[in-house]
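# Per-entry structural report
Below, each chain spelled out in residue letters.
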Amino acid sequence: MSVGGLVFFLFALLSIGAAVALYAGIQAETRDPPTMSREEAERRARDEGRRYNEQRGRGTDRHPSGGGRGDEFGPDAGRTDDRGRNRDGDRDW
């Protein structure tokens, strides 16, 4: 066997070994993923969003209505812009 053939064989062997090792690592990582209920996921997303906005000094123009179905954005929602001013229906913010 020539030196070139030996180098090709070693390179091919290392490539296949790396692919198998990567596959095994991915399988081990995704074997038992954590799960949560939809309600828990929504609660965590709201909490993380609130913390993100608080850390950056951002307010929110949402007023909790208790429903959580978008009714807080009706025509009488009393929304404000990012400087705390009331939004008028006829102004384009």
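Below is a short write-up of the structure. (Residues numbered from 1 in each chain as written. Predicted model: local features only at pLDDT ≥ 70, side-chain atom pairs only at ≥ 80, totals over all residues. Heavy atoms only, no water.)

### A short note on the overall build of the protein
The helix and strand tally for the protein stands at two helices and zero strands. For the protein, the proportion of its 93 residues judged to be buried stands at 5%. Surface summary for the protein: the accessible area is close to 8700 Å², and the carbon and sulfur share equals 54%. (Helix = DSSP H or I, 4+ residues; strand = E, 2+ residues; numbered from the N terminus. Buried < 20%, exposed > 50% of the residue type's maximum accessible area, 1.4 Å probe, protein only. Areas by Shrake-Rupley, 256 points an atom, 1.4 Å probe, with all protein chains shown as cover.)

### What to know about helix H2 (residues 38-55)
Taking 1.5 Å of rise per residue, 18 residues should cover 26 Å, and H2 covers 26 Å from first to last C-alpha, within 8% of that figure. In the stretch just after H2, Gly57 is the one whose phi turns positive, near 70°. (Expected span 1.5 Å × (residues − 1).)

### Focus: a nonpolar patch on the surface
Side chains of Leu6, Phe9, Leu10 and Leu13 sit close together on the surface and give an oily, nonpolar patch of about 390 Å² of accessible area. Here Leu13 is to be found in helix H1 (residues 3-29). (Patch = residues over 30% accessible without salt bridge, like charges linked within 9 Å, V, L, I, M, F, W, Y side chains within 5 Å. Salt bridge = Lys/Arg side-chain N within 4 Å of Asp/Glu carboxyl O.)

### Some details on the pattern of salt bridges
Enumeration over the complete set of coordinates arrives at five salt bridges. Note that Arg43 is salt-bridged to Glu40, the shortest N-O span being 2.7 Å. Remark: Glu40 and Arg43 occur in helix H2; sequence separation between them is three residues, near one turn of the helix. Looking at Arg43, the relative accessible area reads 37%, which means it is partly exposed. Residue Glu40 is joined to Arg44 by a salt bridge in which the shortest nitrogen-to-oxygen separation is 3.0 Å. Of the two residues, Glu40 and Arg44 both sit in helix H2, four residues apart, roughly one turn of that helix. Put simply, Glu40, Arg43, Arg44, Asp47 and Arg50 are held in one network by salt bridges that share partners.

Don't take any of this as a statement about function, it's just geometry.
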